[in-house]
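Now for the letters of each chain:
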Amino acid sequence: LSPTDTSQRQQRRRDMPQSHASTSRTRPLVLAAGCFAAAAAQAPGAPIMKHSFMAPFEAVNDFTGMRVISDWELGGSAVAHRGFVRLTAEKQSQKGWIANRNSFEGGEWSLAMELRATGESQYLFGDGLAIWFTTAYDVIEGPVFGREDYWTGLGIFFDTFQNVDQQHHHKHPYIYAMVNDGTQHYVPDAEKKLDKAKQILPGAHDNSGCSFDFRYNEARQDVSVLNHTRVHITYSASQRRLNLRLQQTSVGHDGEWYQCLEAKDVELPSSGYFAISSATGDLVDNHDIMHFVVRGTEGVDNVDQDHQAWLDQQKALAAMQQSELDLRPAEAVQRDYARALAAHTASLKALSASVDKLQQQMEFQLASIQAGGGLAPPTGG
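Criteria and thresholds
- Residues numbered from 1 in each chain as written.
- Predicted model: local features only at pLDDT ≥ 70, side-chain atom pairs only at ≥ 80, totals over all residues.
- Heavy atoms only, no water.
- Buried < 20%, exposed > 50% of the residue type's maximum accessible area, 1.4 Å probe, protein only.
- Helix = DSSP H or I, 4+ residues; strand = E, 2+ residues; numbered from the N terminus.
- Pairing = 2+ DSSP bridges.
- Phe/Tyr/Trp six-rings, centres within 6.5 Å; stacked < 30°, edge-to-face > 60°.
- Lys NZ or Arg CZ within 6 Å of the ring centre and 35° of its normal.
- Lys, Arg positive; Asp, Glu negative; His and termini not counted.
- Salt bridge = Lys/Arg side-chain N within 4 Å of Asp/Glu carboxyl O.
- Polar contact = N/O pair within 3.5 Å; in protein donor to acceptor, adjacent residues only side chain to side chain.
- pLDDT = per-residue confidence, 0-100.
- Contact = heavy atoms within 4.5 Å.

**Overview of the pairing of strand 19 (residues 271–279)**
Piece 1. Among the nine residues in strand 19, seven count as buried, and that is most of the element.
Piece 2. As paired elements, strand 5 (residues 95–100) and strand 19 share five bridges and run antiparallel to each other. Looking at the pairing, lysine 95 lines up with alanine 279 of strand 19.
Piece 3. Where strand 6 (residues 104–105) meets strand 19, two bridges bridge the pair, whose relative direction is antiparallel.

Written out as structure tokens, the structure reads:
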């Protein structure tokens, strides 16, 4: 460019309205802020801790020496170990529960639970467990998976016992939901068409339940105490819709999500208490809970994507905690030393993960021995 052209361009720039120049400079900032706001809106909501629990459970009662969980009350045969809550052991006639002390208020929520149901028998086992959202704070021991009958609210049942005295056309284990107004008697696993406004019964309505083998037979060589089943439940009061999905997991692998239950016209109490209960009869199983996480979903467009974002967030957090074992001193500049350091770091990470797995396995063995259930299953995998 000639000196004359340069002078003319500088003059035009000086004559430019200040508002236009300011807009040009701030536009990238506005776009960046918009992108940040959109990303923040898509971030999954944090767990509501007063309604949630997650292993490890470190708190111990100074008087009893038993592990305790803040905001939750354990009853019956339920025992908190460091890595899980065992509702029932592999013993006959046990009933155990864990109940939230705080009332939950909100019509849009997501519930994530990770469970492990195991036993030595390949064909004979029972009875199962239940997730509750009811108006009653206290859990009274009773016949419905360890809890009282004639409840007010929601019960979701993971039924592993084949009721031979009832007529049905599905396989067990079977998962189904029932909404009770406090006046209806619980009929186990029956196909009776009652008032839709009062109950949801398996087989009585479309998409009211599913058969899903969430139980692990300990005789299988590929079974490990680290095999878990994920349960994802969502409820929308505005849409009056209740959904339930299931996923099997193992070390380093997550199975596909299975859509189990999709119930419409479900009306739950505006406030209630979460709880989990379990029972064994003549047939037995171990029923363990690793975590129970409640999150609000108000304003969430896609609850399944929101849940996956939360799972990815938890995995990233676990990976970050592992990465803290990385050792990168400033003097590690030589190639041989860097290679040795990297190998040492990888060994530390593997050792940390192995110690955690071994701890869970030993804890499972100890719980089985204390319950008189004998030795633990082969670790497999």
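**Some points on the packing of aromatic side chains**
Piece 1. On inspection of all chains with the given rule, the structure shows 22 aromatic pairs.
Piece 2. Ring geometry for phenylalanine 133 and phenylalanine 274: centres 4.9 Å apart, planes at 50°, overall tilted. Of the two residues, phenylalanine 133 is situated in strand 8 (residues 128–134) and phenylalanine 274 in strand 19; the sequence distance between them amounts to 141 residues. Pair check on accessibility: phenylalanine 133 and phenylalanine 274 agree, each one buried.
Piece 3. An aromatic cluster is defined as three or more aromatic residues linked by ring pairs; in this entry it consists of Phe53, Phe57, Trp72, Phe104, Trp109, Phe133, Tyr235, Phe274 and Phe292.
Piece 4. The ring of phenylalanine 84 is capped by arginine 116, whose NZ or CZ atom sits 4.8 Å from the centre of that ring.
Piece 5. Stacked on the ring of tryptophan 257, the Lys or Arg arginine 245 has its end atom at 4.2 Å from the ring centre.

**Structural notes on the side chain of glutamate 363**
Piece 1. Its location among the elements puts glutamate 363 in helix 4 (residues 335–370).
Piece 2. Buried charge without a salt bridge: glutamate 363, with arginine 67 as the nearest opposite-charge side chain at an N-O distance of 4.9 Å.
Piece 3. Here the side chain of glutamate 363 touches arginine 82 through a polar contact of 2.4 Å, landing on its backbone nitrogen.

**A closer look at the side chain of asparagine 180**
Piece 1. Note on placement: asparagine 180 falls in strand 12 (residues 174–181).
Piece 2. Looking at asparagine 180, its side chain comes within polar contact range of the main-chain nitrogen of glycine 182, at 3.1 Å.

**Let's talk about the environment of histidine 253**
Piece 1. Tracing the backbone through its elements, the reader meets histidine 253 in strand 17 (residues 253–254).
Piece 2. Histidine 253 sits 26 residues away from asparagine 227 along the chain, and the two C-alpha atoms are 9.8 Å apart.

**Points about the pattern of salt bridges**
A side chain with one charge can pair with a side chain of the opposite charge if their charged atoms come near.
Piece 1. Applying the stated criterion across every chain yields a total of twelve salt bridges.
Piece 2. A salt bridge links aspartate 304 to arginine 245; the shortest N-O distance between them is 3.4 Å. Pair noted here: aspartate 304 is in helix 3 (residues 303–323) and arginine 245 is in strand 16 (residues 241–250), with a separation of 59 residues, a long-range link.
Piece 3. According to the relative accessible area criterion, aspartate 304 is partly exposed, its value standing at 32%.
Piece 4. Here aspartate 254 and lysine 315 are joined by a salt bridge, their closest N and O atoms 2.7 Å apart. Residue aspartate 254 is found in strand 17, and its partner lysine 315 is found in helix 3; the two are separated by 61 residues along the sequence.
Piece 5. The class for aspartate 254 is partly exposed, based on a relative accessible area of 28%.
Piece 6. For lysine 315, a relative accessible area of 42% corresponds to the partly exposed category.

**Description of the confidence of the model for the protein chain**
Piece 1. Taken over all residues, the pLDDT of the protein chain has a mean of 79, while the share at 70 or more is 72%.
Piece 2. pLDDT under 50 marks residues 16–41. Its contacts with residues more than four places away, or in other chains, come to one contact.
Piece 3. Scored below 50 in pLDDT, residues 327–333 makes ten contacts in the model with residues more than four places away or belonging to other chains.

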